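Topology and contacts: notes
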Amino acid sequence: MNHLQISTDPTLLGADLPESLTTSPSVSTFLPEEDASTCLLLPETPSPPLDFTHPLTPSMGNVENCENVAGDDPAAETSSSGSSGIGIVGGCTSAAGNLFNNHNEYQHLRKKSDGKIQENGMLNGTLNIALTKDMPNFVHWDWPLIRKCTFFVFLAGIIAMVAIVVTMIATLPKSCNPSVAWYKGSVFYEVFPASFQDTNDDGLGDIRGLIGRADYFKNLGVGAVRLNSIFPSAHYPDRFEEVTSLTAVDEVLGKVEDLQKLAAVLHERNISLILDLPIYPFVNHLNPPILDVDHLPNRTSSDVPTSEFLRLARSANPEQENTITSVLMFWLAKGGVDGFYIKGLEHFSEDPLLLENIKEWKYTLGGDRILMVSKNFIDHVPETIVRDVLNQVDLVDVLLDVANGTEAIASTVRDAIDGTLLKGAEHPWIHWSLGGVNQRRLSSGMNSNVTLAATLMQLMLPGTSSIFYGDEIALEEAYDPNGDHSETQHLHHLPAMSWSENQNQFTGRGTLPWLPKSASASYHHLDIVLKLIALRKSSPSIYLNSVAKENQNLPNAEVKSSRNDILVIQRWYPRRNSFASITNFGSKNVSLDLTAMFYSGEVVAGASMVQERVYFQQFNVKSLETVVVRLHK
């Protein structure tokens, strides 16, 4: 009996067993675990083959060699096919060992240079796949170099995408403020050309002087320059209102070509050019329209006019200048003018051809050029056509008379905000004015600080603001204590512009032929005005005239108080900072309690306390001062 409880008695088995079978070396080397899992093979039950190939083993050895080994070993053969006993299938022991060998190494593709490949695919005694000419081409590619190139291309693509994203972020607009037409909410600069800059040393300003000061307009931050007197007169500039032609430039100022050059220089700096057109008394009645506006194509831009328009412009007779349309066509054909302020229309408010003429004028100008009229004219237009007239007008000039006190200013502002002018989206915007060629200087007979206070207050109003030349430095009227220039006293409010604190720089001449020198100017006011103009351009709470919401326009300005020479105005816009301007037009410094209106804020413009946090429980305002505060939410 062996350890498997199998009898080895020859008589029991009925056959003579070889010594090698009864004393097999494997019998004595079974492990206990293998003993427990070994069972007797039933008679005539085929044994499992031992010559199968493991899928992960490249080679089990040479089959022929295995057969030879089996043939030479009698213990590997089957003992009997018909008698009882154990059927043993012989096999190659080396192959069986390789099948279960834990240290078996897998064979991989090798380069031809790694070793000599035999005919049967064996390399150094192991099976390998030969790299022959029948293999695909990509097998011979330089894959390390391909991987490096691919990596660097991928890295370059990532860097390019990052650069594009950074560039897009850097070029994004700094703000998303609502955009408006060029004339809406901007600041206009009104100039009397004869008093602004002299270039030929004749003592009178000229258009070339305006060209030389183009950078001053740009640094000031204005959106348009408005010339209020360029047309010829019998005694220009003494009698500049007595116009003799509307299609020429007075020889004192220059030529039409100079005006064209001025327009080009201003346009290079994104500044428009506006002309005052004083039609009365030069025109004494309105003629029937020469264009059938209702049957012509719409003109909604400043593109080159149609051929029909150009034909009419060339056929306009300069001798018949009482036709305003022909005058407009003349200047548009010359090019460069961006709008007109038609003055004296109040004398034609009852004319039956008024509405037809205004429609024709606006059609002639197109969509991007503006038509401007005065509030005085609108007040005289019959109610039956006033809305139709407003639909054709772009700007309405409203004069703020500071000399009448805060109550009068508040009444004018409330009428403009709450009246018919700003109610509809199709109605014109307000153009605010503090002075002009027909008004005395703000500082005349008063402290020069009143000019700065009024200018800052006006720049806080909704709509388009206007600065009369010299008001940014509180230019005072001409100084003539001895009456040497009494014949030009009506022009003393139009003194020569003062350009420097040390030197006048208006002209190269020592004296002026028609006006004495200006009394004085406050040059330090300029920085304060510049600061508020820049703030106005970037704040929709200030430059917009209303809030468009749900197909309606809501006011975004309110006069909070106008008593005791104190004018308080608040401006706001959704999701933007709100602002308040507090102006003291009185002669004494005051301390106000405005906590019922505001709590705190930061001063952003004014003669004092700039960039200071303030509280409104004891808010101090000096005499003739305007303080602009950015309110805290």
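Data block above holds the structure.
Rules used in this analysis
- Residues numbered from 1 in each chain as written.
- Predicted model: local features only at pLDDT ≥ 70, side-chain atom pairs only at ≥ 80, totals over all residues.
- Heavy atoms only, no water.
- Helix = DSSP H or I, 4+ residues; strand = E, 2+ residues; numbered from the N terminus.
- Buried < 20%, exposed > 50% of the residue type's maximum accessible area, 1.4 Å probe, protein only.
- Pairing = 2+ DSSP bridges.
- Axes fitted to C-alpha atoms, helices over the stretch in contact; angles between N-to-C directions.
- Contact = heavy atoms within 4.5 Å.
- Phe/Tyr/Trp six-rings, centres within 6.5 Å; stacked < 30°, edge-to-face > 60°.
- Expected span 1.5 Å × (residues − 1).
- Patch = residues over 30% accessible without salt bridge, like charges linked within 9 Å, V, L, I, M, F, W, Y side chains within 5 Å.
- Areas by Shrake-Rupley, 256 points an atom, 1.4 Å probe, with all protein chains shown as cover.
- Salt bridge = Lys/Arg side-chain N within 4 Å of Asp/Glu carboxyl O.
- Parallel < 35°, antiparallel > 145°, perpendicular 65-115°, else oblique.
- Core = buried A, V, L, I, M, F, W, Y, C linked by side-chain atoms within 4.5 Å.

1. Details of the overall build of the protein chain
Helix and strand counts for the protein chain come out as 18 helices and 20 strands. Relative to its 633 residues, the protein chain shows a buried fraction of 44%.

2. Regarding the sheet that holds strand E10 (residues 464-468)
Around the barrel, eight strands lie side by side as E3-E4-E5-E6-E7-E8-E9-E10; this closed barrel has parallel pairing. Neighbour to neighbour, the strand axes of the sheet diverge by 25 degrees on average, direction disregarded. With three bridges joining them, strand E6 (residues 339-343) and strand E7 (residues 370-374) adopt parallel strand pairing. Across the sheet, the residue bridging to Tyr 341 is Met 372, located in E7. Lying over the sheet, helix H12 (residues 354-365) contacts E6 and E7, oriented at roughly 145 degrees with respect to E7. Most of the contacts of helix H16 (residues 449-459) go to E10, to which it runs at about 160 degrees, and overall it touches strand E3 (187-191), strand E9 (429-433) and E10.

3. Looking at the packing of aromatic side chains
For the structure on display, the rule yields 20 aromatic pairs. Consider the rings of Phe 151 and Phe 152, whose centres lie 5.5 Å apart with planes at 65 degrees: the pair is edge-to-face. Phe 152 sits in the exposed class, given a relative accessible area of 53%. Each ring, one from Phe 616 and one from Phe 619, has its centre 5.1 Å from the other, and the planes form 25 degrees; the classification is stacked. Through successive ring pairs, a cluster of aromatic residues spans Tyr 189, Phe 196, Tyr 216, Phe 217, Phe 468, Tyr 469 and Trp 499.

4. Some details on unusual backbone geometry
The linkage connecting Tyr 236 with the following residue, Pro 237, adopts the cis geometry, with an omega of 5 degrees. With respect to the secondary-structure elements, Pro 237 resides in the loop between strand E4 (224-227) and helix H9 (256-268). Cis geometry is adopted by the peptide bond preceding Pro 281, which originates at Tyr 280 and carries an omega value of 10 degrees. In this structure, Asp 201 takes a positive phi of about 55 degrees despite not being glycine. Secondary-structure assignment places Asp 201 in the loop between E3 and helix H7 (207-212). At Arg 575, a position not held by glycine, the phi torsion is positive, near 60 degrees.

5. So, H9
Helix length check: H9, at 13 residues, gives a terminal C-alpha distance of 19 Å against a target of 18 Å (1.5 Å per residue), a fit within 8%. All buried positions along H9 are accounted for by Val 256, Asp 258, Leu 259, Leu 262, Ala 263, Val 265 and Leu 266. Of the surrounding secondary structure, the elements contacted by the buried residues of H9 are H7, helix H8 (214-220), E4, strand E5 (272-278) and helix H11 (324-334). Following H9 by one or two positions, Asn 270 adopts a phi angle in the positive range, close to 60 degrees.

6. Focus on a nonpolar patch on the surface
Together, Phe 154, Ile 158, Met 161, Val 162 and Val 166 give the surface a local cluster of nonpolar side chains, amounting to about 480 Å² of exposed area. You can see Val 166 is positioned in helix H6 (residues 143-170).

7. Section: the packing of H11 against H12
Viewed as axis vectors pointing N to C, H11 and H12 meet at an angle of 10 degrees, and their least axial separation amounts to 10 Å. For the element pair H11 / H12, the angle class is roughly parallel. Of the residues in H12, those in contact with Ile 324, Thr 325, Leu 328, Met 329 and Leu 332 of H11 are Glu 360, Trp 361, Thr 364 and Leu 365.

8. Description of the environment of Tyr 469
If you trace the backbone, Tyr 469 turns up in the loop between E10 and helix H17 (525-538). In this structure, the C-alpha to C-alpha distance between Tyr 469 and Phe 192, residues 277 residues apart in sequence, is 7.5 Å. Setting aside residues no more than four positions away along its own chain, Tyr 469 makes contact with Tyr 189, Glu 190, Val 191, Phe 192, Ser 195, Phe 196, Arg 441, Leu 475, Leu 494, Pro 495 and Met 497.

9. Quick word on the pattern of salt bridges
Tallied over the full model, the rule gives twelve salt bridges. Between Arg 269 and Glu 268 there is a salt bridge; the shortest N-O distance is 3.8 Å. Arg 441 is the salt-bridge partner of Asp 471, the closest N and O atoms lying 3.1 Å from each other. Of this pair, Asp 471 sits in the loop between E10 and H17 while Arg 441 sits in the loop between E9 and H16, placing them 30 residues apart in sequence. Relative accessible area serves as the criterion here: at 4%, Arg 441 is assigned to the buried category.

10. So, the environment of Gly 344
Mapped onto the secondary structure, Gly 344 falls in the loop between E6 and H12. On the basis of relative accessible area, Gly 344 is assigned to the buried category, the value being 14%. Gly 344 sits 29 residues away from Val 373 along the chain, and the two C-alpha atoms are 8.8 Å apart.

11. Considering the nonpolar core
Formed by 113 residues in total, the largest nonpolar core has its most connected members in Tyr 189, Phe 196, Phe 217, Leu 227, Leu 277, Trp 331 and Phe 340. The contacts of Phe 196, once residues within four sequence positions are left out, are Tyr 189, Val 191, Leu 210, Arg 213, Tyr 216, Phe 217, Tyr 469, Met 497, Trp 499 and Phe 506. Counting residues in each nonpolar core, the second largest holds 15 residues, with Ile 566, Ala 580, Leu 592 and Val 614 among its members.

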